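# Fold and geometry: a report
Each chain, letter by letter, is given below.
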Amino acid sequence: EEIASGYLDEGNLDLAEAAFQLLIEAFPNYAEGWNYLGIIELRRERPDRALAHFERTIELGRTLFPARLAKSNYWTDLRTRPYMRGLQNLAHSLIRLGRFADARVLADRLESECGDDITATSHRAAIFLNTEQWKPASEAALQLREIHPSEDFIAAFALFEAGAMQDARASFLHAALNHPQGARLVVGSRVKPRRDGVEPDDHNAGVEVLQMLPAYLRKSSRSSVKFFRAFLEEPKVA
């Protein structure tokens, strides 16, 4: 598994796929292998092909549960991890495909079945923004801003649409201070490569926001994107 995941980390998707395919053939109950295969499809920008892999992860993952397990203990018992990761990644894939109602069902399951209110709230924030529910989107995203500052990108867009311009600026600035590269990606600006250790997380934060807002960002004329791009270019902000 370490060798196979190493290929994935290096970006060698073909070798990673071959290695994980070998593992699931050798170990039929290896739920995490199916999860990795789904992640590989996501890396290839093929969320539609990832769905079956994550569904299989959930199916196998549920069989690994102990006979009795309290919801509060899901994250402390490693046997539940594949099931929860499968739910998380399946919801993520559905959002990227624009299947927001189906994704919302899974987000609710993450909270009700697994007690994973953080991921559930994050997914719901994206779903609300994509479906033009500005107030619920901002409220959900703002709950997570201290844990995941990138959620403030979601909050900023929702607040802008709701006409709360000062709060929108504050949220976007908070996200941008934590993810400067991500902020530029979100508004469609060019990003200069960085060499420090935070570059991957910074960059990936912006990429994930773009991936999670397929409906909201579909219109190239979005006034919010233009607004925040101009905001980033203000000398005091830059």
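Above: the structure in question.
An account of the accompanying structure is given in this report. Predicted model only: the values in this text are computed from it and were never measured.

## Quick word on the packing of aromatic side chains
Geometry of an aromatic ring pair is reported as the spacing of the ring centres plus the angle between the planes. All told, the structure shown has 9 aromatic pairs when counted by the stated rule. Arranged with centres 5.1 Å apart and planes meeting at 40 degrees, the rings of Phe160 and Phe227 form a pair that is tilted. Highlighted residues: Phe160 in helix α9 (residues 151-161) and Phe227 in helix α13 (residues 223-233), separated in sequence by 67 residues. Given the relative accessible area of 13%, Phe160 is considered buried.

## A look at the packing of helix α2 (residues 13-26) against helix α3 (residues 31-43)
To describe two helices that pack against each other, one gives the angle between their axes and the distance between the axes. Running from N to C, α2 and α3 point in directions that differ by 160 degrees, and their axes come no closer than 9 Å. With respect to their mutual orientation, α2 and α3 come out roughly antiparallel. For the pair α2 and α3, the crossing hand works out as left-handed. Two secondary-structure elements touch here, α2 through Leu13, Ala16, Glu17, Phe20, Gln21 and Ile24 and α3 through Gly33, Trp34, Tyr36, Leu37, Ile40, Glu41 and Arg43. Class assignment of the residues belonging to the contact of α2 with α3 gives a composition of 8 nonpolar, 2 polar and 3 charged.

## Regarding the nonpolar core
In terms of nonpolar packing, the biggest core is built from 53 residues, with Leu129, Phe157, Phe172, Leu213 and Phe228 touching the most fellow members. It is α9 that provides the largest number of residues to this core, a total of 8 residues. Not counting residues up to four positions away in its chain, the partners in contact with Phe228 are Ala156, Phe157, Phe160, Ala168, Arg169, Phe172 and Val187. Membership of the second largest hydrophobic core comes to 12 residues, among which are Ala16, Leu23, Ile24 and Tyr30.

How each quantity is defined
- Residues numbered from 1 in each chain as written.
- Predicted model: local features only at pLDDT ≥ 70, side-chain atom pairs only at ≥ 80, totals over all residues.
- Heavy atoms only, no water.
- Phe/Tyr/Trp six-rings, centres within 6.5 Å; stacked < 30°, edge-to-face > 60°.
- Helix = DSSP H or I, 4+ residues; strand = E, 2+ residues; numbered from the N terminus.
- Buried < 20%, exposed > 50% of the residue type's maximum accessible area, 1.4 Å probe, protein only.
- Axes fitted to C-alpha atoms, helices over the stretch in contact; angles between N-to-C directions.
- Parallel < 35°, antiparallel > 145°, perpendicular 65-115°, else oblique.
- Left-handed = near helix turned anticlockwise from the far one by under 90°.
- Contact = heavy atoms within 4.5 Å.
- Nonpolar A, V, L, I, M, F, W, Y, C, P; charged D, E, K, R; others polar.
- Core = buried A, V, L, I, M, F, W, Y, C linked by side-chain atoms within 4.5 Å.

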